[in-house]
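Breakdown of the fold
Here is how the chains run, residue by residue.
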Amino acid sequence: MYGTYETIDGKPAVRFERRYPQSVDRVWQAVTEPEELGHWFPSAVDVDLREGGAMHFTFPDGDMELEGRVTELDPPRRFSFLWGDEHLLIELEPDGEGCRLRFTHVLSTREQAARDSAGWHVCLDRLERLLSGDAGEAPGTEATSEWSELYDEYQRRGTPAGAPVPGAS
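The structure reproduced in this document is the subject of the present report. Nothing here was measured: the structure is a model prediction, and the numbers come from that model.

Compared with an ideal rise of 1.5 Å per residue, which puts 19 residues at 27 Å, helix H3 (residues 113–131) spans 26 Å between its outermost C-alpha atoms and is within 8% of the ideal. Counting buried residues in H3 gives 16 out of 19 residues, a clear majority hidden from the surface. Phi for Gly 133, located one or two positions after H3, is positive at around 100°.

So this is what it looks like as structure tokens:
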């Protein structure tokens, strides 16, 4: 369930693979529809869901907004987009009666790998809860202890660290 640090085309990246008992179509809905994204993604998402479509991300604290763009769309298998300057790729494939999800984040710097891995780990756990019918609270309301423990574990596993942590003094 832990993500891995990789280099893709010479760029640092983190990659996760998760299996869900729900169908590819159900997981596709959860990873592409703004109402569903709002339950697990770290920001609210407005998306023109077509290749080249504009995206807008608003973070829960209202302190930050990002622009993006859909770079690849192959329903219900691949959804790739820019999140600010960084590239995210979500790939889905049937796995028995369920679905295998591969989530890749190509990073700006290798130092953000542990920080962002911990964050995506929390987000993908929230996606699992959403898919099981327990949407819970919106992202941003989870206890920071869950993220902190994961951040420490990713560092212990050798994932590069050193990027600033928002809210840390």
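The subject of this paragraph is the nonpolar core. One finds Trp 40, Phe 41, Leu 101 and Leu 127 to be the most contacted residues of the largest nonpolar core, which totals 42 residues. Among the elements that line this core, the one with the most residues is H3, at 10 residues.

Let us look at the packing of aromatic side chains. The relative placement of two aromatic rings is captured by the distance of their centres and the angle of their planes. Counted under the stated rule, the structure contains 15 aromatic pairs. On the basis of an interplanar angle of 85° and a centroid distance of 5.6 Å, the ring pair of Trp 40 and Phe 41 is categorised as edge-to-face. In this structure Phe 41 comes out as buried when scored by relative accessible area, which is 1%. Plain terms: the ring middles of Phe 79 and Phe 81 are 4.8 Å apart, the flat faces sit at 40° to each other, and that makes the pair tilted. Of the two residues, Phe 79 and Phe 81, both sit in the buried class.

A few words now on the sheet that holds strand S3 (residues 44–47). Working definition: the strands of a sheet are paired by backbone hydrogen bonds and lie parallel or antiparallel to each other. With respect to topology, eight strands assemble into an open sheet ordered S1-S2-S8-S7-S6-S5-S4-S3, the strand pairing being antiparallel. In this open sheet, the two strands that pair with only one neighbour each are strand S1 (4–8) and S3. Direction aside, neighbouring strands of the sheet carry axes that sit 25° apart on average. Pairing of S3 with strand S4 (residues 54–58), which is carried by four bridges, proceeds in the antiparallel orientation. Pairing of Ala 44 across the sheet is with Thr 58, part of S4. Packed onto the sheet, helix H1 (residues 24–32) meets strand S2 (11–20), S3, strand S5 (65–74), strand S6 (78–83), strand S7 (86–95) and strand S8 (98–106) and runs at close to 165° relative to S7.

Another aspect to go through is the packing of H3 against helix H4 (residues 144–156). Across the interface, H3 lies against H4 with an axial gap of 8 Å and an inter-helix angle of 130°. On the basis of their axis angle, the class for H3 and H4 is oblique. H4 is crossed by H3, and the crossing has right-handed handedness. Taken together, the residues of H4 that come into contact with H3 (itself represented by Ala 114, Arg 115, Ser 117, Ala 118, Gly 119, His 121, Val 122 and Asp 125) are Glu 146, Trp 147, Leu 150, Tyr 151, Tyr 154 and Gln 155. Looking at the contact of H3 with H4, its residues break down into seven nonpolar, four polar and three charged.

Turning our attention to the pattern of salt bridges. Overall, the coordinates contain 14 salt bridges when judged by the stated rule. For Glu 36, the salt bridge identified is with Arg 26, shortest N-O distance 3.1 Å. With Glu 36 in helix H2 (residues 34–40) and Arg 26 in helix H1, this pair connects stretches of sequence that are 10 residues apart. Residue classification places Arg 26 among the partly exposed positions, given a relative accessible area of 23%. Through salt bridges with shared partners, a single ionic network connects Glu 17, Arg 19, Glu 93, Asp 95, Arg 100 and Arg 102.

Definitions and cut-offs
Residues numbered from 1 in each chain as written. Predicted model: local features only at pLDDT ≥ 70, side-chain atom pairs only at ≥ 80, totals over all residues. Heavy atoms only, no water. Helix = DSSP H or I, 4+ residues; strand = E, 2+ residues; numbered from the N terminus. Expected span 1.5 Å × (residues − 1). Buried < 20%, exposed > 50% of the residue type's maximum accessible area, 1.4 Å probe, protein only. Core = buried A, V, L, I, M, F, W, Y, C linked by side-chain atoms within 4.5 Å. Phe/Tyr/Trp six-rings, centres within 6.5 Å; stacked < 30°, edge-to-face > 60°. Pairing = 2+ DSSP bridges. Axes fitted to C-alpha atoms, helices over the stretch in contact; angles between N-to-C directions. Contact = heavy atoms within 4.5 Å. Parallel < 35°, antiparallel > 145°, perpendicular 65-115°, else oblique. Left-handed = near helix turned anticlockwise from the far one by under 90°. Nonpolar A, V, L, I, M, F, W, Y, C, P; charged D, E, K, R; others polar. Salt bridge = Lys/Arg side-chain N within 4 Å of Asp/Glu carboxyl O.

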